[in-house]
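Coordinate analysis (summary)
One-letter residues, chain by chain:
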Amino acid sequence: MEQKVTRFLEHHKMDLFGKKIVVGVSGGPDSIALLHYLWKMRKKWDLQLTALSVDHQLRGDESKEDLAFVKDICQKWNISFKGVSLNVPTYKETHQLNTQVACRNMRYQFFYQQMKELSADFLALGHHGDDQVETMVMRLIRTADSSVFQGIPIKREFADGHIIRPFLCVTKKEIEQYCAVNMLNPRRDPSNESIAYTRNYIRKKIVPLLRAKNENIHTTVQYLTESLHEDERYLQQEAKLMV
């Protein structure tokens, strides 16, 4: 998996050498695997790493333990750590948002602040190929806008740098195998098992059906996403020339 991710970064001309990278780490398999991958590459690429972790105050002691778990990992690997406890329940009620949107808003506000304070070049997030497929299906269900097919970007501007997603080329299964081989023992969020959430329903009920027809569906969707992003970029450039 390491070689696949490295080739993916090289293919997309993401030069990480000598860069300051903050990594969003929940303690789950995806983010712990990403932190571990970057930690292993830190000397080769001369990386300055900082892990950012958030307690959303939604699961009591469990979410506090997630934060402590990430902090312990960072101490073990000698990685800078910044954690925060955010009052998502109050924010959610005040702004009349659903739980997932409230969590995302507050989490990204924290990430934005830390990117600014640390003058970081990149915020690395652990979204993977299966997330890309889930996102595409969710958007297809909810909107008729053609932008639905652009999916999760590999790289986009954020704060004074960029968000990058090195794991979009790999599957959840590959990440789980990576965690097992490297004995990472990630934390598990029970809410990810509930099909009451739309994304979880798609993950558990729809994506397996798509994968049964095409085991490389994540690669197919990624190629589609990249192609449409490039088409949109070209059209925007042409439109500016006509003004």
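Because the structure is predicted, anything quoted here is derived from the model rather than measured. (Residues numbered from 1 in each chain as written. Predicted model: local features only at pLDDT ≥ 70, side-chain atom pairs only at ≥ 80, totals over all residues. Heavy atoms only, no water.)

Observations concerning the overall build of the chain
Within the chain, the regular secondary structure consists of 9 helices and 6 strands. Computed over C-alpha atoms, the radius of gyration of the chain comes to 18 Å, within 12% of the 18 Å expected from 2.2 N^0.38 for 243 residues, which places it in the range of a compact globule. Principal axes of the C-alpha set define a box for the chain whose edges measure 50 × 45 × 40 Å. Looking at the 243 residues of the chain, the share that counts as buried comes to 42%. Residue pairs in contact within the chain that sit at least 24 positions apart in sequence constitute 74% of those at least 6 positions apart. (Helix = DSSP H or I, 4+ residues; strand = E, 2+ residues; numbered from the N terminus. Rg over C-alpha atoms; globule rule 2.2 N^0.38 Å. Buried < 20%, exposed > 50% of the residue type's maximum accessible area, 1.4 Å probe, protein only. Contact = heavy atoms within 4.5 Å.)

A look at the packing of aromatic side chains
This structure, assessed with the given rule, holds 7 aromatic pairs. Taking the centre distance of 5.1 Å and the plane angle of 20 degrees together, the rings of Trp39 and Trp77 count as stacked. Remark: Trp77 occurs in helix 3 (residues 61-77) and Trp39 occurs in helix 2 (residues 29-45); sequence separation between them is 38 residues. For the pair Phe110 and Phe111, a centre-to-centre distance of 6.2 Å together with 45 degrees between the ring planes defines the contact as tilted. (Phe/Tyr/Trp six-rings, centres within 6.5 Å; stacked < 30°, edge-to-face > 60°.)

With respect to the side chain of Asp130
Structurally, Asp130 can be placed in helix 6 (residues 129-142). A relative accessible area of 11% means that Asp130 is categorised as buried. Residue contacts for Asp130: discarding those within four places in its chain leaves Val170, Thr171, Lys172, Arg211 and His218.

Thoughts on the sheet that holds strand 3 (residues 80-85)
Pairing between the strands of a sheet is mediated by backbone hydrogen bonds and can be parallel or antiparallel. Strand order in the open sheet formed by 6 strands is 3-2-1-4-6-5, with mixed pairing between adjacent strands. Lying at the two open borders of the sheet, with one neighbouring strand each, are strand 3 and strand 5 (155-158). This sheet shows a mean twist of 25 degrees between the axes of neighbouring strands, independent of strand direction. Where strand 5 lies against strand 6 (residues 161-164), 4 bridges are found, and the strand directions are antiparallel. From the neighbouring strand, Arg156 faces strand 6, where its bridge partner is Ile163. (Pairing = 2+ DSSP bridges. Axes fitted to C-alpha atoms, helices over the stretch in contact; angles between N-to-C directions.)

So, the environment of Gly151
With respect to the element layout, Gly151 can be found in the loop between helix 6 and strand 5. It is 35 Å that separates the C-alpha atoms of Gly151 and Gln75, two residues lying 76 residues apart in sequence. The residues touching Gly151, leaving out its near neighbours within four places in the chain, are Gln132, Arg139, Thr225 and His229.

Quick word on the nonpolar core
The biggest cluster of nonpolar side chains holds 37 residues, and the ones touching the most others in it are Leu16, Ile21, Val23, Leu35, Tyr37, Leu38 and Phe167. Looking at this core, the elements that each hand over two or more residues are helix 1 (2-11), strand 1 (20-24), helix 2, strand 2 (48-55), helix 3, strand 4 (122-124) and helix 7 (172-181). With 8 residues, helix 2 is the single largest residue contributor to this core. When near neighbours in sequence (up to four residues on either side) are disregarded, Leu35 contacts Val23, Val25, Ala51, Ile73, Cys74, Trp77 and Ile79. (Core = buried A, V, L, I, M, F, W, Y, C linked by side-chain atoms within 4.5 Å.)

Describing the environment of Ser85
Tracing the sequence through the fold places Ser85 in strand 3. Considering only alpha carbons, one finds Ser85 and Gln177, 92 residues apart in sequence, at a separation of 30 Å. When neighbours within four sequence positions are excluded, Ser85 is seen to be in contact with Asp55 and Gln57. A polar atom in the side chain of Ser85 sits 3.2 Å from the side chain of Asp55. Only 2.8 Å separates the side chain of Ser85 from the side chain of Gln57, close enough to count as a polar contact. (Polar contact = N/O pair within 3.5 Å; in protein donor to acceptor, adjacent residues only side chain to side chain.)

Some points on helix 1
For helix 1, the complete set of buried residues consists of Val5, Thr6, Phe8 and Leu9. Buried residues of helix 1, viewed axially, fall in a sector of 160 degrees; they line one side. Residues of helix 1 that are exposed and point over 90 degrees away from its buried face: Gln3, Glu10 and His11. Looking one or two residues past helix 1, Lys13 carries a phi angle of roughly 55 degrees, positive in sign. (Arc of directions from axis to C-beta.)

Points about helix 3
Its 17 residues give helix 3 an end-to-end C-alpha distance of 24 Å, which sits within 8% of 24 Å, the value for a rise of 1.5 Å per residue. Here helix 3 has its buried residues at Ser63, Asp66, Leu67, Phe69, Val70, Ile73, Cys74 and Trp77. End-on, the buried residues of helix 3 take up no more than an arc of 155 degrees, which puts them together on one face. For helix 3, the exposed residues set more than 90 degrees away from the buried face come down to Asp61, Lys64, Gln75 and Lys76. Looking at the packing, one finds that the buried side of helix 3 touches helix 2, strand 2 and strand 3. (Expected span 1.5 Å × (residues − 1).)

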